[in-house]
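Residues per chain are reported as follows:
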Amino acid sequence: MTLRLPHYDSTKKTTKIPDDALNILRDGFFAYLGTADLVCEPHVTAMFYIWDDDSKTIHLITSKESKKVLNIRRNTRVSVTIDQRDPKSPARNSGVMVKGRALLVEMELIDDELTVKYLEKYVEFLGTGYPLGLRIAIRVVPQTISYWKGTNFYRWKNRSS
Amino acid sequence: MNRKSTVQSRYQRKWIYEEIVDRIPPFRWIPRTYDVIAQLLLVETVGVFAFIYFQMPYEAAVFGSLAIIYTVVWSSGCLYIVPWLRRLRDPTNEIEFEVLRDYKSRILLDRRLELIGGIICFGAVMSYLWIDTDYLRYFLGNGFGNPLLIILIIVLAWDISYRLGLSLVTTFFAAIRSISLSQAARKRRGLAYTAYSEVRTLKYLDLINLYWGISAVLLLPLTLRSYFLLLGLAGFLAGIIGLSTLSLLAMETVPWFPPDVESILHNEGFAYVSVCSKKQPHVTPVIFVYDGKYLYFAISVASAKYRIIKKNPKIAVLVDMRDSKFPMKNRAVLLRGKGMILGDLSIMGFFKLFLHGLWLIRVRNMFAKKYPMYMKFYEDQAQELPPAWRNKPFLSRVIVRLEPEKITYWREARPTTLRA
C-alpha cells in the first residue's frame, strides 16, 4: 500500500483528437457547459449542442439573458463535458471534456447548415415555434480536449491557436 | 412566487423592553448597541449607591450584580434576535406558511402572551418575598423597610420575572412551532418548501433561546438561600432545556429542499461537478449521494478536482434527469456552494478524521447502497486498477461534502431559482 502523488503520467498525450472522442462529440445528446464569473465561482448547466466537424468547434444555443451568457461576457474560458454513462461499471464510462474559449455569436451569423442540423437533432424538444430571434449562440473553440474511457485518459492540445 | 414577509408595518409592535429602549430618554438617544451597556451602568450605579448607603452585606452586592448581568445578557440577546425574527421570509408551502405566521403573531403581536409568564413569575416572587421576610432581611441588612429600596427591589424583581417569563413563553411556542412545522413539511408537494436558510435561522434562534434560558444560572446564588426560589429556578431551567431540545430535534426533521428537488437528488446516479481555477472552469461527471442536507461525492486524490477544490472550494454541482425522447422528463437541479474535503491525508485531515470518522463511514455505506455495482467493481478489480482509482479511503479517495447555498431548478429548460 504505497501512496503515490498525482499521476500526470497516466494521461496519454495525443497529437490528434482521438476518434472515439470525436464519436462521442458527434453522437452525444446533452452537453454540460461550465462557466465561471470573475471571482471564479463556477456554474454548470445541461445544454443542447452541435459539433461542427469542419471547424472543430462546439455550438451551443441559449437565451440571451441566461446566467451562462452573463458569465461568458465577463470570462470567456469555458469547459464543456459530454459523456456516456454506464450505471453498471465505472470502467465503461467514457466522456470528453473540452476546455476552451467561448465566443458569443448572433444567430444570424451562424452557418445556416449548422442551424438546420441543430434543429433536426433536437426536433422533439424545440417544437415548431422555437424563438431563434431571442437566442444567441456560444461557439466554443477547443484548447484542450480530454477524453477518458474507464481508467484511460487521453489529452489533446490545440497547437494552432 | 414568494410573498413578502407578513409582519407589515401595521404589525410593527414591539416587545415592552424594546419600546422602553426606543422611547425612554437615556436609551433613545444612544444607538441600540450601547443601550445594553447604558442599562448595565445605570442599574449597577443605583445598586452600588444603595449598597454603600444602606451598608448591605457583600453577598447582596455580588449576587445582585449577577442578577443585573442576567437582565443585561437577556436584553442584548433580545435586541439582537427579535429584528431577525421579524425579517424571516415566508415559506412557499401553504401549511408551513400558516404555522410560521401563527408563531410570529403569537410571539411578536400578542401582548398578553408576552406578559403572562412574567406576571405569574412576578406574582409568585413578590408573594414569596412578602411571606418570607427573612430572605430579604438577610440581603438588605440595615436598609430593610426603606421605601426607595423596596421600589428598587420591585423593579429588579419585575425585570427578572419579565425576562424569565418571556423566555419560557417563547421557548414554549418555539417548540410548538417546530413540531407543527415538521408535520407540515411532510405534506409538501412539488416545489413548496421553507427555504432552508430560514430553517437554519429558526434553529439558530432556538439555540439562542436556550442560551438565554441557561443564562438564568446567574440567578442561582440568589436563590440558594431559599428552597422555594431554588425550586422555581430549577423548574424554569428544566423547562427551557427540555422544550429547546424538543424544538431543535423537531427542526432537524424538516427537509431542506422541496420534494421535486429531493426526488432528483435521491434517484439520479450522476452529477456534474464544476470547479474553477484561474478563471478556467472544469466540469467532470461523478457519482454522489445525498443525505437530506449535504451532497457528497467521492473523488480521487490524483484528480484535477482535488487540486482545485483545495485552492478554491467554490463548487457547482448539476444533477439532472435526462431523457432524449421525452422533453417533459428533463429536469435538473444546480447546487452551488462551498465544498469541504473529508478524509484527506494531511495534518488537518487527521484532525478532521476525529470529527468526521463516523460520518465518513455513514457516507461510505450510503455509497455502497446506492451504487452496489460500482462498489463491487472497485472490490473485484482492485489490483488491476491504477493506484489512484482504487477505492481506498484516505489514500486514494476522498469525500467532498457540498453545503448548498444557491439552488436552481429546471423543468423543461425553464429555470426557477429557489431561495436557499
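Source: prediction; values computed, not measured. (Residues numbered from 1 in each chain as written. Chains lettered and ligands numbered in written order. Predicted model: local features only at pLDDT ≥ 70, side-chain atom pairs only at ≥ 80, totals over all residues. Heavy atoms only, no water.)

Visitor: Looking at this model, I keep getting lost on the overall build of chain A. Mind explaining?
Guide: For chain A, the count of helices and strands is four helices and nine strands. Listing the helices and strands of chain A from first to last along the sequence gives β-α-β-β-β-β-α-β-β-α-α-β-β. When each of the 161 residues of chain A is scored for burial, the buried share is 50%. Expressed as a percentage of contacts within chain A between residues at least 6 apart in sequence, the contacts between residues at least 24 apart total 68%. (Helix = DSSP H or I, 4+ residues; strand = E, 2+ residues; numbered from the N terminus. Buried < 20%, exposed > 50% of the residue type's maximum accessible area, 1.4 Å probe, protein only. Contact = heavy atoms within 4.5 Å.)

Visitor: Help me out: how do you make sense of a nonpolar patch on the surface in this one?
Guide: A cluster of nonpolar side chains, contributed by B:Trp29, B:Ile30, B:Tyr34, B:Ile37 and B:Leu41, occupies part of the molecular surface with about 580 Å² of accessible area. Residue position: B:Leu41 is located in helix 3 (residues 32–54). (Patch = residues over 30% accessible without salt bridge, like charges linked within 9 Å, V, L, I, M, F, W, Y side chains within 5 Å. Areas by Shrake-Rupley, 256 points an atom, 1.4 Å probe, with all protein chains shown as cover. Salt bridge = Lys/Arg side-chain N within 4 Å of Asp/Glu carboxyl O.)

Visitor: Sorry if this is basic, but what is going on with the nonpolar core here?
Guide: Where a protein is soluble and globular, its nonpolar side chains tend to be buried together. Residues and elements named next belong to chain B. Ranked by internal contacts, the top residues of the largest apolar core, which has 62 residues, are Trp15, Met56, Trp74, Leu202, Ala216 and Leu219. Examining the composition of this core, we find that 13 residues originate from one element, helix 8 (residues 147–185), more than from any other. Aside from chain neighbours lying at most four places away, what touches alanine 216 is Tyr70, Leu164, Leu233, Phe236 and Leu237. (Core = buried A, V, L, I, M, F, W, Y, C linked by side-chain atoms within 4.5 Å.)

Visitor: What's the story with the packing of aromatic side chains in this structure? I'm lost.
Guide: Aromatic rings considered in pairs are described by the distance between their centres and by the relative angle of their planes. By the definition in use, this model includes ten aromatic pairs over all chains. Each ring, one from A:Phe29 and one from A:Phe30, has its centre 5.1 Å from the other, and the planes form 70°; the classification is edge-to-face. Judged by its relative accessible area of 9%, A:Phe30 falls in the buried class. Ring pairs connect the aromatic residues A:Phe29, A:Phe30 and A:Phe48, which therefore count as one cluster. Looking at B:Arg177, its charged tip hangs above the ring of B:Tyr103, at a distance of 4.7 Å from the centre. The cationic tip of B:Arg401 hangs over the ring face of B:Tyr294; the distance from NZ or CZ to the ring centre is 4.1 Å. (Phe/Tyr/Trp six-rings, centres within 6.5 Å; stacked < 30°, edge-to-face > 60°. Lys NZ or Arg CZ within 6 Å of the ring centre and 35° of its normal.)

Visitor: What's the story with the state of the cysteines in this structure? I'm lost.
Guide: Linking two cysteines covalently through their sulfur atoms gives a disulfide. Under the counting rule described, the total for this entry stands at one disulfide over all chains. A:Cys40 shares a disulfide with B:Cys276; S-S distance 2.0 Å. Classification of the bridge connecting A:Cys40 and B:Cys276 rests on its S-S torsion, roughly -90°, and on that basis the disulfide is left-handed. Within this pair, whereas A:Cys40 is found in the loop between strand 2 (31–36) and strand 3 (42–47), its partner B:Cys276 is found in strand 1 (residues 270–277), the two belonging to separate chains. The exposure class of B:Cys276 is buried, given its relative accessible area of 0%. (Disulfide = S-S within 2.5 Å.)

Visitor: How should I be thinking about the environment of B:Val286 in this particular structure?
Guide: All names here are of chain B. As for its position among the elements, valine 286 is in strand 2 (residues 280–290). Under the relative-accessibility criterion, valine 286 is labelled buried at 5%. For valine 286 and glycine 269, which are 17 residues apart along the polypeptide, the C-alpha to C-alpha distance reads 8.7 Å. Dropping the residues within four chain positions of it, valine 286 is found in contact with Gly269, Phe270, Ala271, Val273, Phe297, Ile299 and Lys305.

Visitor: Help me understand the pairing of strand 5 (residues 57–63) of chain A, please; the structure alone is not making it clear to me.
Guide: The side chains of a regular strand alternate between the sheet's two faces. Residues and elements named next belong to chain A. Strand 5 sits mainly inside the fold: six of its seven residues count as buried. As judged from the four bridges shared by strand 4 (residues 49–52) and strand 5, these two strands associate in the antiparallel manner. Counted as the bridge partner of isoleucine 50 is histidine 59 from strand 5. Here strand 4 folds back onto strand 5, and the loop between the two strands holds four residues, one of which, lysine 56, carries a positive phi near 55°. Inspection of the sheet shows strand 5 paired to strand 8 (residues 135–149) by six bridges, in the antiparallel sense. Pairing of histidine 59 across the sheet is with arginine 139, part of strand 8. (Pairing = 2+ DSSP bridges.)

Visitor: How should helix 13 (residues 304–311) of chain B be read in this particular structure?
Guide: Note that an α-helix has 3.6 residues per turn; residues three or four places apart therefore point the same way. Among all positions of helix 13 of chain B, only B:Lys305, B:Tyr306, B:Ile308 and B:Ile309 are buried. The elements touched by buried residues of helix 13 of chain B are strand 1, strand 2, strand 3 (295–300), strand 4 (314–321), strand 5 (331–342) and strand 6 (397–411) of chain B.

Visitor: Where do I start with the pairing of strand 6 of chain B in this structure?
Guide: Residues and elements named next belong to chain B. Counting buried positions along strand 6 yields eleven of 15 residues, so the element is predominantly enclosed. Pairing geometry for strand 3 and strand 6, over six bridges, is antiparallel. Across the sheet, the residue bridging to phenylalanine 297 is valine 400, located in strand 6. Where strand 5 meets strand 6, twelve bridges bridge the pair, whose relative direction is antiparallel. The residue of strand 6 that forms the bridge with arginine 336 is lysine 406.

Visitor: Where do I start with the side chain of A:Thr35 in this structure?
Guide: The topology assignment puts A:Thr35 in strand 2. The exposure class assigned to A:Thr35 is buried, which follows from its relative accessible area of 0%. There is a polar contact of 3.1 Å between the side chain of A:Thr35 and the side chain of A:Asn71. Look past the residues within four positions of A:Thr35 in its chain and what remains in contact with it is A:Glu41, A:Pro42, A:His43, A:Lys68, A:Asn71, A:Ile72, A:Val78 and B:Pro281. (Polar contact = N/O pair within 3.5 Å; in protein donor to acceptor, adjacent residues only side chain to side chain.)

Visitor: How do you make sense of the pattern of salt bridges when you look at a structure like this?
Guide: Close approach of charged atoms allows side chains with opposite charge to pair. All names here are of chain B. Under the defined criterion, the tally for this structure stands at seven salt bridges over all chains. One salt bridge connects arginine 101 with glutamate 98, and the closest N-O pair in it is separated by 3.4 Å. Here the residue arginine 101 and the residue glutamate 98 both occupy positions in helix 5 (residues 94–109), the gap between them amounting to three residues, near one helical turn. Here glutamate 98 falls in the partly exposed class, since its relative accessible area comes to 32%. One salt bridge in this structure joins aspartate 291 and arginine 362, with 2.8 Å as the shortest N-O distance. Within this pair, whereas aspartate 291 is found in the loop between strand 2 and strand 3, its partner arginine 362 is found in helix 14 (residues 347–370), the two being separated by 71 residues in sequence.

That's the geometry; what it means functionally is another story.
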